[in-house]
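Remarks on the overall topology
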Amino acid sequence: TVTITAKTSLTANAADTAAPSKPTITRSDYNTFTYSATDGVGVTGYYVSTSSTKPTTSSAWVTTKTYDISAAATYYVWARDAAGNISEAASITSYQITRSQGTGTSLTTKYESSSGTAFTSTTYVLSGTPIYVSASASTGYTLSTLKHGSTTMTSGTTYTVGASEAISSTAT
């Protein structure tokens, strides 16, 4: 007679069916944003696109958590976990800011504040970026208008970007 005794252990892990949290997006500079998400098992990648179409698991996922904008667009961010679950999209919008310096005027535009970095041509900025604007008239001229979009502003003030628009100065 042969007696066989065996001890068997079985461990069952539940399948991960929960998607990561919707990413949180933060503007970290006039043209850079950061993002992060959480997941019970762990986030394995992020996908950034200007298309609102949800990516697939075979899309080009990255592990970086910063993105530099290059155009006026809405940027969508998704997070993915190891099981292939994909979060809802979060988004942030960027705008094109152009400058129009009229004859007889001097126009100063800077990111963030009066001590920020100056820009002298068309630029792209994230929604919520403060823009400092100052203008003056050359000798023999009088500053007649200073505007962002259709809004008249006072020289030496800062406004917050919420649309693509032109900053313009004119003199008479």
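So, here is what we can say about the structure in this document.

Each helix and strand counted, the protein chain has zero helices and 13 strands in total. Counting from the amino terminus, helix and strand elements in the protein chain follow one another as β-β-β-β-β-β-β-β-β-β-β-β-β. Taking 16 Å as the expected radius of gyration for a compact globule of 172 residues, we find that the protein chain reaches 26 Å, considerably beyond that expectation. Its C-alpha atoms give the protein chain principal-axis dimensions of roughly 120 × 30 × 20 Å. Taking all 172 residues of the protein chain together, 34% fall into the buried category. Across the protein chain, contacts joining residues at least 24 apart in sequence account for 62% of those joining residues at least 6 apart. When the accessible surface of the protein chain is totalled, it reaches about 9,600 Å², and 47% of it is carbon and sulfur. If you average the places of the 9 positive and of the 8 negative side-chain charges in the protein chain, the two averages end up 3 Å apart.

This part covers the sheet that holds strand E12 (residues 157-160). Overall, antiparallel pairing links the three strands, which are arranged E7-E9-E12 in an open sheet. Two strands bound the open sheet, and with one partner strand each, they are strand E7 (105-111) and E12. Neighbour-to-neighbour, the strand axes of this sheet turn through a mean angle of 25°, independent of strand direction. Taken together, the four bridges between strand E9 (residues 130-137) and E12 define a ladder with antiparallel strand orientation. Opposite Val133, over in E12, you have Thr157 as the bridge partner.

What follows deals with the nonpolar core. Core analysis: the biggest nonpolar cluster contains 15 residues, and Ile97, Val125, Ile131, Val133, Tyr159, Val161 and Ile167 have the highest contact counts within it. When residues of this core are traced back to their parent elements, those giving at least two are strand E6 (90-101), E7 and E9. Within the second largest apolar cluster, 14 residues are counted, among which are Val48, Ala73, Tyr75 and Val77.

With antiparallel pairing, the three strands of this open sheet are ordered in space as E1-E2-E4. Since the sheet does not close on itself, it has two edges, and those belong to strand E1 (24-29) and strand E4 (66-68), each with one partner. On average, adjacent strands in this sheet sit at an angle of 25° to one another, irrespective of strand direction. The sheet contact formed by strand E2 (residues 32-36) and E4 spans three bridges and is antiparallel. Pairing of Thr32 across the sheet is with Asp68, part of E4.

Rules of the game
Residues numbered from 1 in each chain as written. Predicted model: local features only at pLDDT ≥ 70, side-chain atom pairs only at ≥ 80, totals over all residues. Heavy atoms only, no water. Helix = DSSP H or I, 4+ residues; strand = E, 2+ residues; numbered from the N terminus. Rg over C-alpha atoms; globule rule 2.2 N^0.38 Å. Buried < 20%, exposed > 50% of the residue type's maximum accessible area, 1.4 Å probe, protein only. Contact = heavy atoms within 4.5 Å. Areas by Shrake-Rupley, 256 points an atom, 1.4 Å probe, with all protein chains shown as cover. Lys, Arg positive; Asp, Glu negative; His and termini not counted. Charge placed at Lys NZ, Arg CZ, Asp CG, Glu CD. Pairing = 2+ DSSP bridges. Axes fitted to C-alpha atoms, helices over the stretch in contact; angles between N-to-C directions. Core = buried A, V, L, I, M, F, W, Y, C linked by side-chain atoms within 4.5 Å.

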